[in-house]
Amino acid sequence: MKNESRVRIFRPPNPSRWSGAAPSAFVILALLALLLVPMLVQGRVDRLRQEIEESAEPSRALLAEVQYLLARQSSAVRGYLVTRSPDQLDQYTRFVARENQIYPELEAHAAELGASIVGDIAELRALSMHWHERLMLADLPEESITPEAFEAALEQELYLRTLEAAGRADLALRGAVLERRHEIRRVEITAGVAYFLLFVVGLGAAVAVAMLNARIRRLAEEANERRLEVERALDETARALEGRASLIRGFTHDVKNPLGAADGFADLLASGIRGELTETQAETVARIRAAIRGAIEIIDELLDLSRLESGGLHLRREAVELGSLTKEAIRHQAGAAAREGLEITLRVDENEDLVAYTDRDRVRQVLGNLLSNAVKYTPAPGTVVVAIHRNPSDPPRAGSWVAISVTDSGVGIPKEELERIFDEFHRVPGSTGRGHGLGLAISRRVARLLGGDVTVRSTLGEGSVFVLWLPIRDVVEEGGPAHA
Ligand code: ADP
């Protein structure tokens, strides 16, 4: 059905593509951040803990052992000086050996904790080594040594400096541990704030997405409802039109046949075959025939309207010379115009090419209607002028056009009626002259079917200009138009 194709034109509103994408992207970013931030934070905290557990704590333990060994070495040397026992010297030598074993391990751990600690350990080792060398070189007096000589033999001052260096290294290690613990705390607090902010942002975006989704769903539902309403309305209209068309077809068929027969009989009477008629009788028969023709005219117009509505009006396009077709239409109306005391004038430039690829009978029908209206609504002594122009300056749409205008100096049409006169069965209130308000409705529909239009300009009491617009199409061969 013709109307159904229009249903498809109705689309649900298309909400902006980005209005939903931005919050969604936000949610995804927030989720990604919620995933990545803990990983980064955990990585950093793990590294700091590892530094404490695998470097700082073992370093402190090793350093404590070095301090212990230094003390034992000192007491072993003292013991030797007092007892001269080789065991004491052995002990000292073992402690030194153990101390030397510790340094490489201690230095490896210290390397993980920064250059300053490495420096402290190096200083300790250098002082300790120096102390041991001095002890080795010391000329330890064999007997009856004075307390001064005893102190000197022990290299006490160097020993104390070594102990201080060990104390400094221990302090630095403790500082390194503390520093890392503080760092862990700082990272954890920052991460906590970041989680909270991300959570708030993610929550906001999720709410925005949910609201947008709800709105889109509502809009889609509304659009669907409206589509269904339009479909229902179109179905009803189509059914009503179909009903009306079949009613008109049945009615016109049933009425037109007896009317045709009645006209035939009246013709028979008028011809005198059934006996000569008196003047009054002949006049009456003529009136009967005019009434029958009027009725048949309405029926034909109704049929045209019905065909136009149901798409049953088929066009036969051909190359039509519009100048001669217009002259023919004017000739056809000349009798009626003469009866009204009017003359129809044609203004056309004979040199202009006025060929259009269109339906001759339909153009003739529209022109006939416009001319008969001009004659009908122009009291004598008025004028009716027909003009044909190729490509006039004010076309209804872009393209190439022929405009056939019918200008009369008749009664004119009130402004508010200018569009309504194209409605079916509409007549300007108080219209004189025979008519039933179908001619213009049919004319405009036919013109539009031909790709053109019928337009009107009018001034009440001064006259009207009706224009039939037809698109020009170049004809290449009998087959059809080359282009629009
Ligand atoms: P009708 O059969 O009544 O003429 P139309 O559809 O042809 O039907 O015209 C509709 C109405 O438009 C007419 O009844 C008339 O009032 C008005 N009309 C049409 N043509 C003219 C004209 N040339 N001058 C003034 N009024 C006109």
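For the structure itself, consult the block above.
Read on for a plain summary of the structure. Here, residues in each chain are numbered from 1, in the same order as that chain's written sequence. Where totals are concerned, whole chains, interfaces and linings use all residues; where local detail is concerned, this predicted model gives features only for residues with pLDDT of at least 70, and gives and counts side-chain atom pairs only at 80 or more. Water and hydrogen atoms play no part in the side-chain values, which are based on all heavy atoms of the structure.

## With respect to the overall build of the protein
Here comes step 1: Going along the chain from the N terminus, every DSSP run of H or I of four or more residues is numbered as a helix, and every run of E of two or more is numbered as a strand. If you tally the helices and strands in the protein, you get 10 helices and nine strands.
Here comes step 2: Computed over C-alpha atoms, the radius of gyration of the protein comes to 57 Å, more than 25% over the 23 Å expected from 2.2 N^0.38 for 484 residues, which places it beyond the range of a compact globule.
Here comes step 3: Over its C-alpha atoms, taken along the principal directions, the protein stretches across nearly 190 × 50 × 45 Å.
Here comes step 4: The cut-offs for exposure are 20% and 50% of the maximum accessible area for each residue type, with area from a 1.4 Å probe on protein chains only; residues under the lower value are buried, those over the upper are exposed, and the others partly exposed. Relative to its 484 residues, the protein shows a buried fraction of 36%.
Here comes step 5: Contacts between residues were defined by any pair of non-hydrogen atoms, one from each residue, lying within 4.5 Å. For the protein, the share of sequence-separated contacts (at least 6 apart) that also reach a separation of at least 24 residues comes to 75%.
Here comes step 6: Carbon and sulfur atoms form 57% of the exposed surface of the protein, whose accessible area is close to 28,300 Å². The quantity called the radius of gyration is restricted to C-alpha atoms. Its globule counterpart is 2.2 Å times the number of residues to the power 0.38. For every accessible area listed, the method is Shrake-Rupley and the probe measures 1.4 Å; residues are considered covered only by the protein chains on display.

## A few points about the site of the ligand
Here comes step 1: Around the ligand, the structure places 22 residues, and the nearest of them are Asn373, Tyr377, Arg427, Ser431 and Leu440.
Here comes step 2: The term polar contact refers here to a pair of N or O atoms within 3.5 Å; inside protein, the definition further demands a hydrogen-donor-capable atom paired with an acceptor-capable atom, and it admits residues adjacent in sequence only when both atoms are side-chain atoms. A distance of 3.2 Å is found between an oxygen atom of the ligand and a backbone nitrogen or oxygen belonging to Val428.
Here comes step 3: In the model, an oxygen atom of the ligand is placed 3.1 Å from a nitrogen or oxygen of the His436 main chain.
Here comes step 4: Here the ligand, which alone exposes 520 Å², has 98% of that area covered by the protein. Nearness is defined per residue: one heavy atom within 4 Å of the molecule or strand is enough.

## Describing the nonpolar core
Here comes step 1: By size, the foremost hydrophobic cluster in this structure holds 45 residues, and its most contacted members are Leu322, Phe466 and Leu468.
Here comes step 2: When residues of this core are traced back to their parent elements, those giving at least two are helix H7 (279–310), helix H8 (322–339), helix H9 (360–376), strand E4 (384–390), strand E5 (401–408), helix H10 (439–449), strand E6 (453–459) and strand E7 (463–471).
Here comes step 3: It is H9 that contributes the most residues to this core, seven residues altogether.
Here comes step 4: Non-local contacts of Leu322, meaning those with residues more than four positions away in its chain, are made with Leu354, Ala356, Val363, Ile388, Val402 and Leu470.
Here comes step 5: Joining through side-chain atoms within 4.5 Å is the link that ties buried Ala, Val, Leu, Ile, Met, Phe, Trp, Tyr and Cys residues into a set, and such a set is a nonpolar core. Of all hydrophobic cores here, the second largest spans 41 residues; its members include Tyr92, Val96, Leu113 and Leu124.

## Regarding helix H3 (residues 86–111)
Here comes step 1: Helix span, expected: 1.5 Å multiplied by one less than the number of residues in the helix. Look at H3: 38 Å from first C-alpha to last across 26 residues, which is about the 38 Å you get at 1.5 Å a residue.
Here comes step 2: Of the residues making up H3, those classed as buried are Tyr92, Phe95, Val96, Glu99, Ile102, Tyr103, Leu106, His109 and Ala110.

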